[in-house]
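Summary of the model geometry
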Amino acid sequence: MTGADSFSFPRLSEPTTPTIQNALLKGSTVTHASSTSGSILPAKQVAAARPKEAANRQKVPLEAGCSQMDWLRRVGKRSKETGVSGRQDIPMSEVKQHCTKEDAWTVLRGKVYNITPYLKFHPGGKEMLMKGAGKDCTSLFQKYHAWVNADMLLKADYIGTLDPASAAGAKS
Ligand code: HEM
């Protein structure tokens, strides 16, 4: 068994469509993934299985070693090292200070994440993800891919909860 096999991947929501994209669906867990390219099925079947909101979106070419499978392997290793205990009531004023590609935080559904390591792995590209840097990206996230399991993808980069009192006017 390899390191990748021992990590618990998200479960495929459609047993007949084992794509990495489907593996990232919210609420999913699986013990293995069979393809590093994203799919072992004909493109037509994969396209038919994707949520209809995703039909017209284009992925950005990523650097070698920055696929979602590479990220998932990294998440598995880093989660064991870092754990997920978080801070409470982080003020929005602090989140706003982390708005560069070298140091980017975002807020998603009241949780604060360091998105710096994920920037070069984001299938929508660095520039798109940077739109949420130093801000609350919840509405952008919902607009582009509400089905993505960010809690799982960013669990090793979880910083803590946002102070709800400081959240007003923070949306990206
Ligand atoms: C904050 C955490 C975020 C995470 C964990 C995340 C994760 C992902 C994932 C897993 C995909 C692939 C989805 C799929 O294949 O169906 C994706 C694609 C994409 N994301 Fe994000 N994203 C985040 C934030 C954002 C934000 C803030 C934006 C927009 C400003 C954005 C825009 C996009 C776009 C345009 C794509 C298109 C690629 C496609 O066709 O799938 N994302 N993202």
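Everything numeric here is computed off the predicted structure, so don't read it as measured data.

Reading the values: rules and limits
- Residues numbered from 1 in each chain as written.
- Predicted model: local features only at pLDDT ≥ 70, side-chain atom pairs only at ≥ 80, totals over all residues.
- Helix = DSSP H or I, 4+ residues; strand = E, 2+ residues; numbered from the N terminus.
- Buried ≥ 20, exposed ≤ 12 C-beta atoms within 10 Å, placed from the backbone.
- Contact = placed C-beta atoms within 7 Å.
- Pairing = 2+ DSSP bridges.
- Core = buried A, V, L, I, M, F, W, Y, C linked by C-beta atoms within 7 Å.
- pLDDT = per-residue confidence, 0-100.

**Things to note about the overall build of the protein**
When its secondary structure is counted, the protein shows 8 helices and 6 strands. In the protein, the succession of helices and strands from N to C terminus is α-α-α-α-β-α-β-β-β-α-β-α-α-β. For the protein, the residues scored as buried account for 26% of the 172 residues in total. A separation threshold of at least 6 residues defines the contact pool for the protein, and within that pool the share at least 24 residues apart is 67%.

**Overview of the environment of Ile159**
Assignment of secondary structure puts Ile159 in strand S6 (residues 158-162). Of the residues examined, Ile159 has 19 C-beta atoms within 10 Å and is grouped as partly exposed. Along the sequence, Ile159 and Gly86 sit 73 residues apart, while their C-alpha atoms lie 5.2 Å from each other. Those residues in contact with Ile159 that lie beyond four places of it in its chain are Gly86, Arg87, Ile90, Trp105, Val112, Tyr113 and Asn114.

**Here we look at the pairing of S6**
Bridging between strand S1 (residues 87-90) and S6 involves 2 bridges; their strand directions are parallel. Counterpart to Ile90 in the pairing with S6 is Leu162. Bridge analysis of strand S4 (residues 111-114) against S6 gives 3 bridges, and the strand direction is antiparallel. By the bridge assignment, Val112 is partnered in S6 with Gly160.

**A few points about the pairing of S4**
With 4 bridges connecting them, strand S3 (residues 103-108) and S4 associate as antiparallel partners. If you follow Leu108 over to S4, its bridge partner there is Lys111. Count of turn residues in the S3/S4 antiparallel hairpin: 2 residues, of which Arg109 carries a positive phi of about 50 degrees.

**Examining the nonpolar core**
One finds Trp71, Trp105, Val112, Tyr113, Ile115, Leu153 and Leu154 to be the most contacted residues of the largest nonpolar core, which totals 24 residues. Setting aside chain neighbours within four positions, we find Trp71 in contact with Tyr118, Phe121 and Leu153.

**Some points on unusual backbone geometry**
In this structure, Asp89 is a non-glycine residue whose phi angle is positive, near 55 degrees. Here Asp89 shows up in strand S1. Taking the number of C-beta atoms within 10 Å as the measure of exposure, Asp89 has 11 and is therefore exposed. The phi dihedral of Arg109 falls on the positive side, at around 50 degrees, and the residue is not glycine. Among the structural elements, Arg109 can be located in the loop between S3 and S4.

**Quick look at the confidence of the model for the protein**
Here the protein averages 77 in pLDDT, and 62% of its residues register 70 or above. In the predicted structure, residues 1-18 sits below a pLDDT of 50 and forms 42 contacts with residues beyond four places in sequence or in another chain. Predicted confidence for residues 29-41 stays below pLDDT 50, and this span has 30 contacts to residues more than four positions away or in other chains. Across the assembled chains, the prediction reports ipTM 0.91 with pTM 0.76.

**Here we look at the environment of Val95**
Inspection of the secondary structure puts Val95 in helix H5 (residues 92-96). Judged by the 25 C-beta atoms lying within 10 Å of it, Val95 falls in the buried class. The spacing of Val95 and Ala133 is 38 residues in sequence and 8.4 Å in space, taken between C-alpha atoms. In this structure, Val95 is in contact with Ile90, Trp105, Val107, Val112 and Gly134, ignoring residues within four places of it in sequence.

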